[in-house]
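Chain residues, written in single-letter form:
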Amino acid sequence: KQEVTQIPAALSVPEGENLVLNCSFTDSAIYNLQWFRQDPGKGLTSLLLIQSSQREQTSGRLNASLDKSSGRSTLYIAASQPGDSATYLCAVRPGSGGGADGLTFGKGTHLIIQP
Amino acid sequence: GAVVSQHPSWVICKSGTSVKIECRSLDFQATTMFWYRQFPKQSLMLMATSNEGSKATYEQGVEKDKFLINHASLTLSTLTVTSAHPEDSSFYICSAAIDSYEQYFGPGTRLTVT
């Protein structure tokens, strides 16, 4: 059974710092990996999606990498801002069903950016 | 594009009653829809996968007779929580997939059972 772990569980840093969020998964047979942002009491906002054949994706100040063989992904946030405060979720889609299966989520990293 | 809506956004019901939650893909036809549940300070857990016109596939530990899923069209799936109890109080989120590439998530429905 796939398990997704996110470290750290919580992180508080001053505004302007660059930071890295970590995600690991136990079964490397994934279809893709996705990073989401969730604000309190709200739904999910998709940030980046990395296909299993890709190594990284970038969007603005965000960069996500994927090392499928070692079961790891990182989300890099550059020049953090208070508006980046949220819970960041990592999720993987299993490869066995041709990508048609549901996602397995980690518990998230609760990020606070101090002004 | 790729917008998914849910209705209602929140609902309070009494123990023993049933509640229906709708998930709609507004600007695309979804081949598959998924239902997830999130308890406080926990991550999202997949409950079931549904395809239009066929029976839903439930994850281990999810009671299919309690959580009824109907996927009547390519743009609408419903989740009915039957005989709800306080332990069913949770945040329910649906997602819809056009193909196997990406899932698009709805805004979620917060259910509180008193």
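For the structure itself, consult the block above.
Residues numbered from 1 in each chain as written. Chains lettered and ligands numbered in written order. Predicted model: local features only at pLDDT ≥ 70, side-chain atom pairs only at ≥ 80, totals over all residues. Heavy atoms only, no water.

Draft legend 1. Looking closely at the sheet that holds strand 1 (residues 4-7) of chain B. Residues and elements named next belong to chain B. As summarised here, the arrangement of the 4 strands in space is 1-3-8-7, forming an open sheet in which the pairing is antiparallel. Both outer strands of the open sheet, strand 1 and strand 7 (67-73), are each paired with one neighbouring strand and no more. Averaged over all adjacent pairs, the angle separating strand axes in this sheet is 15°, with direction ignored. (Pairing = 2+ DSSP bridges. Helix = DSSP H or I, 4+ residues; strand = E, 2+ residues; numbered from the N terminus. Axes fitted to C-alpha atoms, helices over the stretch in contact; angles between N-to-C directions.)

Draft legend 2. Spotlight on the environment of Gly95 of chain A. All names here are of chain A. Tracing the backbone through its elements, the reader meets Gly95 in the loop between strand 9 (86-94) and strand 10 (104-105). Sequence spacing of Gly95 and Asp84 is 11 residues, and the spatial spacing of their C-alpha atoms is 31 Å. For Gly95, the contacting residues outside a window of four places in its chain are Ala29, Ile30 and Tyr31. (Contact = heavy atoms within 4.5 Å.)

Draft legend 3. Examining the sheet that holds strand 3 (residues 19-25) of chain A more closely. Residues and elements named next belong to chain A. Taken in spatial order, the 5 strands line up as 1-3-8-7-6 in an open sheet, and their pairing is antiparallel. The strands lining the two open edges of the sheet, one partner per strand, are strand 1 (4-7) and strand 6 (56-59). Going across the sheet, the axis of each strand differs from the next one's by a mean of 15°, ignoring polarity. Bridge count for strand 6 against strand 7 (residues 62-67) is 4 bridges, and the pairing is antiparallel. From the neighbouring strand, Gln57 faces strand 7, where its bridge partner is Ala64.

Draft legend 4. Region of interest: the side chain of Ser25 of chain B. All names here are of chain B. Note on placement: Ser25 falls in strand 3 (residues 19-25). Here the side chain of Ser25 touches Phe28 through a polar contact of 2.8 Å, landing on its backbone oxygen. Residues contacting Ser25, with those up to four places away along its chain left out, are Val3, Val4, Ala30, Met33, Leu74, Thr75 and Ala96. (Polar contact = N/O pair within 3.5 Å; in protein donor to acceptor, adjacent residues only side chain to side chain.)

Draft legend 5. Fine view of the packing of aromatic side chains. Summed over the entire model, instances satisfying the criterion amount to 7 aromatic pairs over all chains. Look at Phe105 of chain A and Tyr36 of chain B: their rings are 5.6 Å apart centre to centre, the planes differ by 90°, and that puts the pair in the edge-to-face class. Here Phe105 of chain A, found in strand 10, pairs with Tyr36 of chain B, found in strand 4 (residues 32-38), and the two come from separate chains. The residues Phe105 of chain A and Tyr36 of chain B share a single accessibility class, namely buried. One aromatic cluster in this structure is built from Phe36 and Phe105 of chain A together with Tyr36 and Phe105 of chain B. (Phe/Tyr/Trp six-rings, centres within 6.5 Å; stacked < 30°, edge-to-face > 60°. Buried < 20%, exposed > 50% of the residue type's maximum accessible area, 1.4 Å probe, protein only.)

Draft legend 6. Spatial organisation of unusual backbone geometry. Geometrically, the link from Ile7 of chain A to Pro8 of chain A is a cis peptide bond, its omega value of -5° lying close to zero. His7 of chain B connects to Pro8 of chain B through a cis peptide bond whose omega is 0°. The phi dihedral of Ala79 of chain A falls on the positive side, at around 45°, and the residue is not glycine. Tracing the backbone through its elements, the reader meets Ala79 of chain A in the loop between strand 8 (72-77) and strand 9. Overall, Ala79 of chain A belongs to the partly exposed group, its relative accessible area being 37%.

Draft legend 7. Layout of the side chain of Gln38 of chain A. Within the fold, Gln38 of chain A resides in strand 4 (residues 30-38). The class for Gln38 of chain A is buried, based on a relative accessible area of 8%. Within the local environment of Gln38 of chain A, its side chain forms a polar contact with the side chain of Gln38 of chain B, the two groups lying 3.0 Å apart. Leaving out residues up to four positions away in the same chain, Gln38 of chain A has contacts with Gly43, Leu44, Ala86, Thr87 and Leu89 of chain A together with Gln38, Leu44, Phe91 and Ile93 of chain B.

Draft legend 8. Region of interest: the interface of chain B and chain A. In this complex, chain B contributes 19 residues to the contact, which on the side of chain A involves 23 residues. Counting the surface lost from both chain B and chain A, the interface buries some 1,500 Å², and carbon and sulfur atoms represent 52% of this. Linking chain B with chain A are 0 salt bridges. Seen at the junction of chain B and chain A, the total is 5 residue pairs in polar contact (both at pLDDT 80 or more). Those elements giving two or more residues to the side of chain B that touches chain A turn out to be strand 4, strand 5 (44-51), strand 9 (90-97) and strand 10 (103-105) of chain B. Broken down by class, the residue content of the side of chain B that touches chain A amounts to 10 nonpolar, 6 polar and 3 charged. (Buried area = accessible area lost by both parts, 1.4 Å probe. Salt bridge = Lys/Arg side-chain N within 4 Å of Asp/Glu carboxyl O. Nonpolar A, V, L, I, M, F, W, Y, C, P; charged D, E, K, R; others polar.)

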